[in-house]
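# What the coordinates show
Residues per chain, in single letters:
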Amino acid sequence: MSAPDLLPLDEARARILEDVLPLRGGSTPLAEALGRVLAEDAHALITLPPWDNSAMDGYAVRSEDVREATPESPVTLAVVGEVAAGHEPEAGVGERQAMRVLTGGMMPAGADAVVKVEDTDAPAGVAELPQAVAVHVAVGPGKDVRAAGSDMHQGDHLLDAGARISPAAVAVLAAAGHARVNVHRVPRVGVIATGDELTPLGQPLGPASIPDSNSESIAAQIAAAGGQPVRLGIAIDDREIVRERLLEGVRDCDVLVVTGGVSVGAHDLVKEVFAEIGTLDLWRVAIQPGKPLAYGSAPRPDGGYCLLFGLPGNPVSSFVTFELFVRPVVRRLRGDPADQGRIHARATLAETVRKSAPRRAFVRVTLEADDAGRLQAHLAGGQGSHVLSALAQADALAVIEEGPAEVPAGTEVEVIRLDVEVA
């Protein structure tokens, strides 16, 4: 297969995302919905509060009866009962009467305000119900009363489709009466590592073997992006085995990520197998690291399609290409905005950076704020595509645009924060 011209990054990403839509929504128990994305607008199923209730422990009164109450001249009211949260009042409140009410208790008929227990002569805490209570302050209508519907009314709009369900959203949905919500399905993303040299983690290494780190790192990136990783193991450099393993992943996954086998070597079979089982829509992108990216799709038995990504085998290249291309796809499939979900900032290079002139480079850096609060980007060790130690130290990728092969220290560049995430 002859090597095509390098695609610009933005064009490649646009082509990949062009036809990617969120996965169909389905009803899910609210208890399992944290972090999921709403597939439809959410509305209140009930009015909240459903009835007027007390915001304080105290006494429900008619405000007109205590409008002249002061500490020096308290107003004494007859206590006609008590109402606690979860119980209905057994009577109403008439002229110069009061009812002891606990926080959340339903307001009795006739009462339009609550006097805090601290503003009466009644003891606080657990105490016998008094026959009368002296009120030391005047209160106006509505004082310390939570009015029915003051939070929400049945049918009110609560959350937009596309909203990520946070703990606060769970609280709102539960209070609004939702036991289940309609959310987008989490994409299943298969991971296959290729190469005769790979050994599963925990097994002894042979004389020419290395641990399969890509499967673990890619699975971690999938989970961090909100997908469900499906580990499909290692495929040795044999066409039929690669084909069999890919078809296994296609049957069960929405996206399949294969690391290794996408360059121009004699054993680089993945892109050719993509074309055999489906399509190879693009190959080779003008970025550094990660030039030999492959992308396509293959039909599933259920009538849908599995998106195919072939990432370079070098671990840093696979990490960066996942970040740039696969992460936005996973986010869009789960209903999030189709971007990286990362904070982009500006920083000044602390050292000179050298790169391939025609390609956009993504340099691993650590960020440090100077005395003025401006970010300085320091190279995080060696920048070779095999140097995982530098990747582990990095908290950002510095974006070095196409152009000069050398960018001097002091140049301001865009950085993609890896240590923080936005929804």
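Rules used in this analysis
- Residues numbered from 1 in each chain as written.
- Predicted model: local features only at pLDDT ≥ 70, side-chain atom pairs only at ≥ 80, totals over all residues.
- Heavy atoms only, no water.
- Helix = DSSP H or I, 4+ residues; strand = E, 2+ residues; numbered from the N terminus.
- Rg over C-alpha atoms; globule rule 2.2 N^0.38 Å.
- Buried < 20%, exposed > 50% of the residue type's maximum accessible area, 1.4 Å probe, protein only.
- Contact = heavy atoms within 4.5 Å.
- Areas by Shrake-Rupley, 256 points an atom, 1.4 Å probe, with all protein chains shown as cover.
- Salt bridge = Lys/Arg side-chain N within 4 Å of Asp/Glu carboxyl O.
- Axes fitted to C-alpha atoms, helices over the stretch in contact; angles between N-to-C directions.
- Parallel < 35°, antiparallel > 145°, perpendicular 65-115°, else oblique.
- Left-handed = near helix turned anticlockwise from the far one by under 90°.
- Pairing = 2+ DSSP bridges.
- Core = buried A, V, L, I, M, F, W, Y, C linked by side-chain atoms within 4.5 Å.

## Things to note about the overall build of the chain
Check the secondary structure of the chain and you find seven helices and 27 strands. Its C-alpha atoms give the chain a radius of gyration of 32 Å, more than 25% over the compact-globule value 22 Å for 423 residues. Residue burial in the chain is summarised as follows: out of 423 residues, 46% are buried. Across the chain, the fraction of contacts at a sequence separation of at least 24, relative to all contacts at a separation of at least 6, is 71%. For the chain, the exposed surface amounts to about 19,500 Å²; the carbon and sulfur share of it is 51%.

## Things to note about the pattern of salt bridges
Considering all chains together, one arrives at 25 salt bridges under this definition. Two residues, D370 and R374, come together in a salt bridge whose shortest N-O distance is 3.2 Å. Given the relative accessible area of 54%, R374 is considered exposed. Among the ionic contacts, a cluster of salt bridges with common partners joins R164, R331, R334, D336 and D339.

## Some points on the packing of helix 4 (residues 239–252) against helix 5 (residues 270–277)
The axes of two packed helices give the description: the angle between them and the distance between them. Look at helix 4 against helix 5: their axes get within 10 Å of each other, and the N-to-C directions meet at 55°. Our classification of the angle between helix 4 and helix 5 gives oblique. Judged by the twist between their axes, the crossing of helix 4 over helix 5 is right-handed. Residues R239, V242, R243, L246, L247 and V250 of helix 4 lie in contact with helix 5, whose contacting residues are V270, E272, V273, F274, E276 and I277.

## Focus: the sheet that holds strand 16 (residues 255–259)
Paired through their backbone hydrogen bonds, the strands of a sheet run either parallel or antiparallel. Strand order in this open sheet of six strands is 15-12-16-20-19-17, and the pairing throughout is mixed. In this open sheet, the two edge strands, each paired with only one partner strand, are strand 15 (228–235) and strand 17 (279–283). Going from strand to strand, the sheet's axes swing by 20° on average, the running direction of each strand aside. Summarising the sheet, strand 17 and strand 19 (residues 294–299) pair through four bridges and their orientation is antiparallel.

## Some words on the sheet that holds strand 5 (residues 75–83)
In spatial order, the strands read 7-4-6-5-8; together these five strands make up an open sheet with mixed pairing. At either end of the open sheet lies a strand with only one pairing partner, and these are strand 7 (113–116) and strand 8 (132–135). The average undirected angle you get between the axes of adjacent strands in this sheet is 40°. Bridging between strand 4 (residues 58–61) and strand 6 (residues 97–101) involves four bridges; their strand directions are antiparallel. The partner of G58 across the bridge, within strand 6, is V101.

## Quick word on the nonpolar core
Judged by nonpolar contacts, the single largest core of 38 residues is most densely connected at F309, F325, V329 and F362. With ten residues, helix 6 (residues 315–333) is the single largest residue contributor to this core.

## Things to note about the pairing of strand 5
Two elements, strand 5 and strand 8, share four bridges in a ladder whose sense is antiparallel. Opposite L77, over in strand 8, you have V133 as the bridge partner. Where strand 5 lies against strand 6, four bridges are found, and the strand directions are parallel. Across the sheet, residue V79 finds its bridge partner in strand 6, namely A98.

Nothing here speaks to function; it is geometry throughout.
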